[in-house]
Amino acid sequence: MNQMAIAALKNQYKSFVQSMFDEGVLDNQFSQLQDLQDSSNPNFVDEVITLFCNDAERIITEMNRYLNYQNVDFSKLDSHVHQLKGSSSSIGAHRLKLACVNLRQASYERNKEECVEAFNSIRHEYCLLRSKFQFLMQIERRIVALENNQQ
Amino acid sequence: MAPAADEAKSGNGGQIQRPFTFNEIVLRNRLTALVVDGDNFCRLLQQGILQAYGLQTQTVDNGDAAVELIASGAKFDLILIDMLLPILDGLEATRRIRAMGVNCKMLGVTAFSGERERQAFLAAGVDLFVEKPLGPEVLIPILRELDGQYPSI
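Residues numbered from 1 in each chain as written. Chains lettered and ligands numbered in written order. Predicted model: local features only at pLDDT ≥ 70, side-chain atom pairs only at ≥ 80, totals over all residues. Heavy atoms only, no water.

Looking at an unreviewed UniProt entry, one finds chain B named CLIP-associated protein isoform 1, with Hibiscus syriacus as its source organism.

Under an unreviewed UniProt entry, the name given to chain A is Histidine-containing phosphotransfer protein, and the organism recorded is Hibiscus syriacus. According to UniProt, the comment filed for chain A under the heading Function (unreviewed entry) is "Functions as a two-component phosphorelay mediators between cytokinin sensor histidine kinases and response regulators (B-type ARRs). Plays an important role in propagating cytokinin signal transduction." (UniProt positions renumbered as here; feature names shortened; annotations may be inferred.)

Encoded structure:
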């Protein structure tokens, strides 16, 4: 019974990840990171996701702060976007990375209105990504719990 | 043999072909690496990737700390260094490391993608300019070369 439940959950996990690839939310870099998870490193993906989300939320909070000033410090804003672009690329968060590219362009043009619009897009993409990551991690934890019960 | 082109296309449900995967290599020697990145996530991720291959990896979060570490006598087979770093940027840190006579493999791993940045980082002394993310198609041939398995392409 447990075996069937585990198999079903693993299929659900695999399908959900594929849907994230299909929607462009994730790219190949994420699957490369999944390959690094093995018995000697069983929580690698979970740890990477948690670390990424903590980092991203900190950066997004800072960007929001800079954009709320009447006179935006575009240079400081840009350095934060640059950082988020790098970490998004590194985890395979494709659409979030593209949203960062758009904000960098708006920041380079010193166009506050476009920066705000681009920032809202970043926030939207991040929230979407985070909720999908949370769902994935929930499935994974259920798999681990069932596998531990079997042993 | 040159790797086949990666046909992963996000957003259209295309098949993903992976000429290299991260877990495709076994190193014979104990290699050492230094990761220099001001971003917490990127630094720890790169460390995690290198450690998964068995590299003994240290990290620092700014260019000045990297220079001081190497000046203190620490030796590495591989250095991954970002361009935008606090205190001392990656370009100047790379110049100072090379000026100390350090000849190890240095990869400039950065979120910058422009030709101007590429030329500047190469001129500073990195062997290869890599736009993030650092993928296995770049890393594996280099690790094999460092491990003496065969020259990188």
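> I tried to follow the overall build of chain B on my own but got confused; where do I start?
Per the secondary structure count, chain B includes five helices and five strands. Along chain B, helices and strands appear, N-terminal first, in the series β-α-β-α-β-α-β-α-β-α. Of all 153 residues assigned to chain B, the portion counted as buried reaches 48%. A separation of at least 24 residues holds for 63% of the contacts in chain B among residues at least 6 apart in sequence. Counting every atom, chain B has about 7,200 Å² of accessible surface; 48% of that belongs to carbon and sulfur. (Helix = DSSP H or I, 4+ residues; strand = E, 2+ residues; numbered from the N terminus. Buried < 20%, exposed > 50% of the residue type's maximum accessible area, 1.4 Å probe, protein only. Contact = heavy atoms within 4.5 Å. Areas by Shrake-Rupley, 256 points an atom, 1.4 Å probe, with all protein chains shown as cover.)

> Any chance you could explain the state of the cysteines here in plain terms?
Each disulfide consists of one covalent bond between the sulfur atoms belonging to two cysteines. According to the stated counting rule, one finds zero disulfides over all chains in the structure shown. Its sulfur unpaired, Cys115(A) is 12 Å from the next cysteine sulfur, which belongs to Cys100(A). (Disulfide = S-S within 2.5 Å.)

> Would you take a moment to explain the sheet that holds strand 4 (residues 105-110) of chain B for this structure?
Paired through backbone hydrogen bonds, the strands of a sheet run either parallel or antiparallel to each other. Residues and elements named next belong to chain B. Pairing within the open sheet is parallel, and its five strands lie in the order 2-1-3-4-5. Lying at the two open borders of the sheet, with one neighbouring strand each, are strand 2 (56-60) and strand 5 (128-131). Put simply, the sheet's adjacent strands are angled 20 degrees from each other on average, direction ignored. Pairing geometry for strand 1 (residues 32-36) and strand 2, over five bridges, is parallel. Directly across from Leu34, in strand 2, lies its bridge partner Gln58. (Pairing = 2+ DSSP bridges. Axes fitted to C-alpha atoms, helices over the stretch in contact; angles between N-to-C directions.)

> Got a minute to help me understand the interface of chain A and chain B in this structure?
The extent of an interface is frequently quoted as the accessible surface area lost upon association of the parts. Facing the 30 residues of chain A at the interface are 33 residues of chain B. Interface area for chain A against chain B, summed over the two sides, is near 2,400 Å², with a carbon-plus-sulfur share of 62%. Seen at the junction of chain A and chain B, the total is one salt bridge. At the junction of chain A with chain B, the criterion picks out two residue pairs in polar contact (both at pLDDT 80 or more). Secondary structure elements with two or more residues in the side of chain A that touches chain B: helix 1 (2-22), helix 2 (28-34), helix 3 (44-67), helix 4 (74-91) and helix 5 (94-108) of chain A. (Buried area = accessible area lost by both parts, 1.4 Å probe. Salt bridge = Lys/Arg side-chain N within 4 Å of Asp/Glu carboxyl O. Polar contact = N/O pair within 3.5 Å; in protein donor to acceptor, adjacent residues only side chain to side chain.)

> Explanation requested: the pattern of salt bridges in the structure shown.
Between side chains of opposite charge, a pair can form when the charged atoms approach closely. Under the defined criterion, the tally for this structure stands at 17 salt bridges over all chains. Here Asp55(A) ties to Arg58(A) by a salt bridge, and the two come within 3.2 Å at their closest N and O atoms. Highlighted residues: Asp55(A) and Arg58(A), both in helix 3, separated by three residues, approximately one helical turn. Taking relative accessible area as the criterion, Asp55(A) reaches 4% and is therefore assigned buried. Given a relative accessible area of 38%, Arg58(A) falls into the partly exposed group. Between Asp37(B) and Lys132(B) there is a salt bridge whose closest N-O contact spans 2.9 Å. One end of the pair, Asp37(B), is in the loop between strand 1 and helix 1 (40-52); the other, Lys132(B), is in the loop between strand 5 and helix 5 (136-146), and 95 residues separate them in sequence.

> Just to check I follow, could you spell out unusual backbone geometry for this structure?
Backbone phi values are negative for most residues with the exception of glycine, while trans is the configuration of most peptide bonds. Of the consecutive residues Lys132(B) and Pro133(B), the connecting peptide bond is found in the cis state with omega at 10 degrees. Relative to the helices and strands, Pro133(B) resides in the loop between strand 5 and helix 5. For Arg110(A), which is not glycine, the phi torsion reads 55 degrees and is therefore positive. Tracing the backbone through its elements, the reader meets Arg110(A) in the loop between helix 5 and helix 6 (112-150). Taking relative accessible area as the criterion, Arg110(A) reaches 55% and is therefore assigned exposed. We note that Ile87(B) has phi near 70 degrees; this positive angle belongs to a residue other than glycine. By the element assignment, Ile87(B) lies in the loop between strand 3 (78-81) and helix 3 (90-99).

> Can you help me understand the packing of helix 4 of chain A against helix 6 of chain A in this one?
Between two packed helices, what matters for the description is the angle formed by their axes and the separation of those axes. Residues and elements named next belong to chain A. Axis separation between helix 4 and helix 6 bottoms out at 13 Å; the angle between their running directions is 30 degrees. Considered as vectors, helix 4 and helix 6 are oriented roughly parallel to each other. With respect to the hand of their crossing, helix 4 and helix 6 are arranged in left-handed fashion. Along the contact surface, helix 4 presents Phe74, Leu77, Leu84 and Ile91, while helix 6 presents Lys112, Cys115, Ile122 and Phe133. For the contact of helix 4 with helix 6, the residue count by class is seven nonpolar, no polar and one charged. (Parallel < 35°, antiparallel > 145°, perpendicular 65-115°, else oblique. Left-handed = near helix turned anticlockwise from the far one by under 90°. Nonpolar A, V, L, I, M, F, W, Y, C, P; charged D, E, K, R; others polar.)

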